[in-house]
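Spelled out, the chains give:
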Amino acid sequence: MMSDSTQVSSANIDINDNFALWLRPFLETCLWANSHYRSLGEQDEALLLAAAWKFFADDVASSRELLAKAASRPAGSALAELRPEQFRGITLATFIETTGIPRNTVSRRLDDLVKGGRLNISGDGTYRLATTPVEMLDLAKPVYIFAQWMLVFRGLPASALGEPKSLLSFGSLVRHFLAAYIALLKGRRINTGNTAHTGVQLSIMLLQAMNVERQITLEGPSAGWGFRRYQTISASSLDQPYLIEQVAALADISAPNARKSCRQLAELGLITLKDSSSYTVGGAKLTAEIIELKNRGHRRYYSPEVEQSLVRFTRNAFARAERLAKKSR
């Protein structure tokens, strides 16, 4: 039960207040998802499929009838009974807008997903999932852990969120996490194309976030954990070397493949290779001035779409904690 001193309203949340705290668990969850679902296909195929999952989850969330039936049902059985053909078709234009993948590539990759039995195409040219995405259930635990971190950073106990048992209990959190994850990968796709391994980029971002978090911890929390402080420390530590072996381990790929992706990112001007085994985050297109001066609308890694999705995610986490607290009184 939440006390008056720890209660935080879900209606008044600015996640930038503790940006430097939650960025690490968010990236860790994104990296887990990227590695866990790697078997779904090439990077663009996996991104398109994640978008289809998100649209499916949106449709489930918008149906009061379905949610009422799922409220007390185990998530697996409730999800397995749903039929994708009951829901709206997804247009090619929607996939393009959501993922940032160019039209010709989207069309080709969607055809691959249809041939592979992941999607169906209707007579009107729209796409639907071929089967109910029970793979989404794998997101329950890591997404709940991330939601618990978001509560703890705002002064609530992790236990306030309860356990993800029914489809209703974690469906909204998974849906909004998928939106943030897709928005993050969309930024990567637009800025780096489909050449540099997504897991490598997420690993580089995670190592940088961990470095900033350590520096803030050493300096003390008096200046806060907000986005602006994260910018300042990031800009002052662009010469910090990182090992490519660390990137390979986090991305769960071989060191040669990680090195190849790092070379591609260096050619794009986003990092600088120090030698064959290390790099720094700063590059020709990622200077201290850009990191320090660009505002939210020009963030390379953390877009307004990511922020909006995570605000919704956090509000849902707080709303669930508040509902559980009322039941326990």
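Residues numbered from 1 in each chain as written. Predicted model: local features only at pLDDT ≥ 70, side-chain atom pairs only at ≥ 80, totals over all residues. Heavy atoms only, no water.

Undergrad: Help me get a handle on unusual backbone geometry, residues and values and all.
TA: Backbone geometry places Asp 252, a non-glycine residue, at a positive phi of 60°. As for its position among the elements, Asp 252 is in the loop between helix H11 (244–251) and helix H12 (255–267). Its relative accessible area of 55% is what places Asp 252 among the exposed residues. (Helix = DSSP H or I, 4+ residues; strand = E, 2+ residues; numbered from the N terminus. Buried < 20%, exposed > 50% of the residue type's maximum accessible area, 1.4 Å probe, protein only.)

Undergrad: Mind laying out the confidence of the model for the protein, listing which residues take part and the relevant values?
TA: If pLDDT is low for a region, its predicted coordinates should not be looked at in detail. For the protein, per-residue confidence averages 85 on the pLDDT scale, and 90% of positions sit at 70 or higher. Within the model, pLDDT remains below 50 along residues 1–6, and this stretch shows nine contacts once partners closer than five positions in the same chain are excluded. (pLDDT = per-residue confidence, 0-100. Contact = heavy atoms within 4.5 Å.)

Undergrad: Account for the nonpolar core, with residues named and values stated.
TA: If you look at the biggest cluster of nonpolar residues, it comprises 84 residues, and the most contacted ones within it are Trp 22, Phe 26, Leu 27, Phe 95, Leu 110 and Leu 310. Per-element tally for this core: the top contributor is helix H8 (residues 167–192), with 12 residues. Once you skip the residues sitting within four places of it in the chain, Phe 95 turns out to touch Leu 48, Ala 51, Ala 52, Phe 55, Ile 90, Gly 100, Val 106, Leu 110 and Tyr 127. Formed by 18 residues, the second largest nonpolar core is a distinct cluster that contains Ile 204, Leu 207, Leu 238 and Leu 265. (Core = buried A, V, L, I, M, F, W, Y, C linked by side-chain atoms within 4.5 Å.)

Undergrad: Let's hear about the environment of Ile 15: which residues, and what values?
TA: For Ile 15, the location among the structural elements is in the segment before helix H1 (19–36). Distance in space between the C-alpha atoms of Ile 15 and Glu 307 is 7.8 Å, their sequence separation being 292 residues. Residues contacting Ile 15, with those up to four places away along its chain left out, are Trp 22, Met 150, Tyr 302, Glu 307, Leu 310, Val 311 and Thr 314.

Undergrad: Explain helix H10 (residues 227–236) residue by residue, including any values.
TA: Burial runs high along H10: seven of the 10 residues are buried. For H10, the complete set of buried residues consists of Phe 227, Arg 229, Tyr 230, Gln 231, Ile 233, Ser 234 and Ala 235.

Undergrad: Break down the pattern of salt bridges for me, with residues and values.
TA: Side chains that differ in charge, positive against negative, can pair when their charged atoms come close. Using the criterion set out here, one finds 11 salt bridges in the structure. The salt bridge involving Arg 88 is made with Asp 59; its shortest N-O contact spans 2.8 Å. Highlighted residues: Arg 88 in the loop between helix H4 (75–80) and helix H5 (92–99) and Asp 59 in helix H2 (residues 43–61), separated in sequence by 29 residues. Here Asp 112 ties to Arg 109 by a salt bridge, and the two come within 3.5 Å at their closest N and O atoms. With Asp 112 and Arg 109 both in helix H6 (residues 103–115) and three residues apart, this pair spans about one turn of that helix. (Salt bridge = Lys/Arg side-chain N within 4 Å of Asp/Glu carboxyl O.)

Undergrad: Before we move on, can you summarise the packing of aromatic side chains with the specific residues and values?
TA: Within the structure shown, the criterion is met by 15 aromatic pairs. Note on Phe 19 and Phe 227: the rings are 4.9 Å apart at their centroids and 80° apart in plane angle, and the pair reads as edge-to-face. One end of the pair, Phe 19, is in helix H1; the other, Phe 227, is in helix H10, with 208 residues separating them in the sequence. Its relative accessible area of 2% is what places Phe 19 among the buried residues. (Phe/Tyr/Trp six-rings, centres within 6.5 Å; stacked < 30°, edge-to-face > 60°.)

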